[in-house]
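Remarks on the overall topology
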Amino acid sequence: MFRKGLMLAFFLLLNACAATGVRETVQNKELPRQHELTETPFFPQDLYHCGPAALATALNAVDIRVTPNQLVPEVYIPARQGSLQIEMLAAARRHGALSVKVAPKLDAVLKEVAAGNVVVVMQNLGLSWAPSWHYAVVVGYHLDQEKIWLRSGTFERFEMTLSTFQRTWARSEHWAFVALKPGSLPAGDNPDAVAKAIVAFEKNSNKQDAYLSYDAAVKRWSNHLVLLMGLGNSAYALENYKQATSAFRDATIAHPDSAAAHNNLANMLLMQGDASAAKLAAENALQLAGADPGMRVQILKTIEEINAYKLKNPQ
Amino acid sequence: MVLVKRFFSAFLAASILFTGSIQTVQAAMISSEQVAEQAFTGSADQDRARIITALSREDVQVALVERGIDPVQARERVASLTDEEASAMASQIENAPAGGIIGAIVLVFLVLLLTDILGFTKIFPFTRSVR
């Protein structure tokens with residue numbers, strides 16, 4: 001009798017505090033009611049190696065062939081018996097995937113899954129004072145059943161209720177990311193996150209992949225300063241000067257107060273032999289740079305080059 | 001030793017300040033990274049942040065080796081981080097959650113079993129949460 005009472009009390013408690021965000025997600029009309037990426041490969045984890053296993057799952061899902069064992073020396077830290085979030089993102093990039101953080105909301109994760117992107121999540125399967133940090137890959141969900149499925153640990157199709165998932169995931173502050181092929185974009189509408197991701201990606205990627213990523217992103221978010229500048233710079237790196245010029249010009253139109261946009265446009269105009277237009281753009285840039293010392297140095301260099309060109313090619 | 005370290009820091013700081021952005025394809029072009037830095041962080045502290053970052057890359061590499069990683073691997077791992085990530089790593093490497101699984105479980109087995117059943121945690125694959 002007492003036990004029954006206790007259970008009842010617990011149920012009442014639970015009803016009072018169903019995991020936040022779950023109800024909104026279940027009622028979200030924009031999400032397909034259910035979706036599962038059944039083709040997602042599975043790599044059962046060895047002891048402590050959920051990081052490499054989850055990463056291998058995500059990378060192989062976008063046809064980047066790599067095994068967990070290959071990833072161990074890239075993300076695992078023996079003394080910590082685990083992998084850090086930052087290195088998970090970096091290791092995905094090392095293998096040629098664009099890693100983009102997903103907004104810290106349950107529907108954002110499910111939206112990616114519905115769009116065909118598996119999502120790497122960090123969970124604390126234990127409690128805050130007895131943590132059990134774990135990486136897993138969300139591959140499917142069913143809103144009416146309030147279920148979510150993951151490639152997790154040694155389980156190929158690990159089932160959780162949305163509520164339990166939400167609670168275990170909330171403890172990592174809802175940390176999640178997608179690993180994408182260059183040229184594809186996450187489903188979520190967060191151009192800043194994508195811009196940040198591509199800037200980090202291009203540090204070690206080949207020029208073509210960086211260009212593809214910027215190009216795809218600009219097609220979707222055509223007024224974003226960082227994306228436009230990235231498109232211009234990556235087109236320039238591929239010696240595609242025409243597209244570089246037009247990207248920088250678009251940047252100066254969408255962001256007339258960006259010194260960087262005017263400066264890079266000036267460089268492109270100079271390369272194409274239009275010294276007077278270049279000079280105008282560079283002077284604009286200098287004015288916009290204000291007191292920023294680093295920027296001024298670079299713009300003055302541009303002006304110097306323009307002047308040198310003018311001396312050599314008097315009209 | 002202190003002097004050497006200080007000299008090294010100053011040298012590093014200077015070389016970073018004067019090279020400007022490493023990413024620029026041509027000296028006078030402004031890199032996407034620079035634009036992003038300005039767009040996403042206040043421009044005031046950028047140079048200072050860059051110095052701290054350069055120092056923290058060293059720290060992170062040392063810290064990784066100390067934690068059992070091969071020095072060559074450690075260098076590659078640090079090289080794949082962005083500036084922002086490197087400085088975050090430097091401060092987090094000891095305390096940030098490391099996804100591995102599963103620490104002091106035995107001790108709290110019963111508690112976790114109960115919380116599992118209640119759907120607050122999910123340690124044991126055989127539990128079915130009541131919700």
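Residues numbered from 1 in each chain as written. Chains lettered and ligands numbered in written order. Predicted model: local features only at pLDDT ≥ 70, side-chain atom pairs only at ≥ 80, totals over all residues. Heavy atoms only, no water.

Our next topic: the interface of chain B and chain A. Across the contact, 60 residues belong to chain B and 80 residues belong to chain A. Between chain B and chain A, a total of about 5900 Å² is buried, with carbon and sulfur atoms accounting for 61% of that surface. Inspection of the chain B/chain A interface yields four salt bridges. The salt bridge partner of Glu-85 of chain B is Arg-93 of chain A, with a shortest N-O separation of 2.7 Å. Linking chain B with chain A are 27 residue pairs in polar contact (both at pLDDT 80 or more). Residue assignment for the side of chain B that touches chain A shows that the elements contributing at least two residues are helix H2 (32–40), helix H3 (46–66), helix H4 (71–79), helix H5 (83–92), strand S1 (98–99) and helix H6 (109–118) of chain B. Counting residues per element, the side of chain B that touches chain A draws most heavily on H2 of chain B, at eight residues. Classifying every residue of the side of chain B that touches chain A by side-chain character gives 29 nonpolar, 20 polar and eleven charged. (Contact = heavy atoms within 4.5 Å. Buried area = accessible area lost by both parts, 1.4 Å probe. Salt bridge = Lys/Arg side-chain N within 4 Å of Asp/Glu carboxyl O. Polar contact = N/O pair within 3.5 Å; in protein donor to acceptor, adjacent residues only side chain to side chain. Helix = DSSP H or I, 4+ residues; strand = E, 2+ residues; numbered from the N terminus. Nonpolar A, V, L, I, M, F, W, Y, C, P; charged D, E, K, R; others polar.)

Let's shift gears to the confidence of the model for chain A. Across chain A, the average pLDDT comes to 92, with 94% of residues at 70 or higher. Element-level mean pLDDT values for chain A span from 57 in helix H1 (residues 2–16) of chain A up to 98 in strand S9 (residues 176–180) of chain A. (pLDDT = per-residue confidence, 0-100.)

A few words now on the pairing of strand S6 (residues 133–142) of chain A. All names here are of chain A. Where burial is concerned, most of S6 is hidden: ten out of the ten residues are buried. Sheet analysis places strand S5 (residues 119–124) next to S6, joined by six bridges and oriented antiparallel. Counted as the bridge partner of Asn-124 is Trp-133 from S6. Where S6 meets strand S7 (residues 147–152), six bridges bridge the pair, whose relative direction is antiparallel. Its bridge partner lying in S7, His-142 is registered against Lys-147. Hairpin geometry of S6 and S7 is characterised by an intervening segment of four residues between the two adjacent antiparallel strands and by a positive phi of about 55° at Glu-146. (Buried < 20%, exposed > 50% of the residue type's maximum accessible area, 1.4 Å probe, protein only. Pairing = 2+ DSSP bridges.)

Okay, the packing of aromatic side chains next. One pair of aromatic rings is described through two measures. These are the centre distance and the angle between the planes. Summed over the entire model, instances satisfying the criterion amount to five aromatic pairs over all chains. Ring geometry for Tyr-135 of chain A against Trp-175 of chain A: centres 5.9 Å apart, planes inclined by 65°, an arrangement best described as edge-to-face. You can see Tyr-135 of chain A sitting in strand S6 and its partner Trp-175 of chain A sitting in the loop between helix H7 (162–170) and S9, a full 40 residues away along the chain. Since its relative accessible area comes to 1%, Tyr-135 of chain A is described here as buried. Here the aromatic residues Tyr-135, Trp-175 and Phe-177 of chain A are joined through ring pairs into a cluster of three or more. Over the ring of Trp-149 of chain A we find Arg-157 of chain A, and its NZ or CZ is 4.3 Å from the ring centre. If you follow Lys-196 of chain A out to its NZ or CZ, it ends over the ring of Phe-40 of chain B, 5.2 Å from the centre. (Phe/Tyr/Trp six-rings, centres within 6.5 Å; stacked < 30°, edge-to-face > 60°. Lys NZ or Arg CZ within 6 Å of the ring centre and 35° of its normal.)

All names here are of chain A. The contact between helix H3 (residues 50–61) and helix H4 (residues 68–75) brings their axes to 8 Å, and the two run at 120°. One finds that H3 runs oblique with respect to H4. Taken as a pair, H3 and H4 cross one another with a handedness that is right-handed. Only Pro-68, Leu-71, Val-72 and Val-75 of H4 make contact with H3, whose side of the interface consists of Pro-52, Ala-53, Leu-55, Ala-56 and Leu-59. A class-by-class count of the residues in the contact of H3 with H4 yields nine nonpolar, no polar and no charged. (Axes fitted to C-alpha atoms, helices over the stretch in contact; angles between N-to-C directions. Parallel < 35°, antiparallel > 145°, perpendicular 65-115°, else oblique. Left-handed = near helix turned anticlockwise from the far one by under 90°.)

On to the sheet that holds strand S2 (residues 76–77) of chain A, then. Hydrogen bonds between backbone atoms are what pair the strands of a sheet, whose relative direction is either parallel or antiparallel. Sheet architecture is open: three strands sit in the order S2(A)-S3(A)-S1(B), paired in antiparallel fashion. Whereas interior strands pair on both sides, the edge strands pair on one side only; in this sheet they are S2 of chain A together with S1 of chain B. Here strand S3 (residues 82–84) of chain A runs beside S1 of chain B; their pairing, made up of two bridges, is antiparallel. Looking at S1 of chain B, one finds that Leu-84 of chain A is bridged to Ala-98 of chain B.

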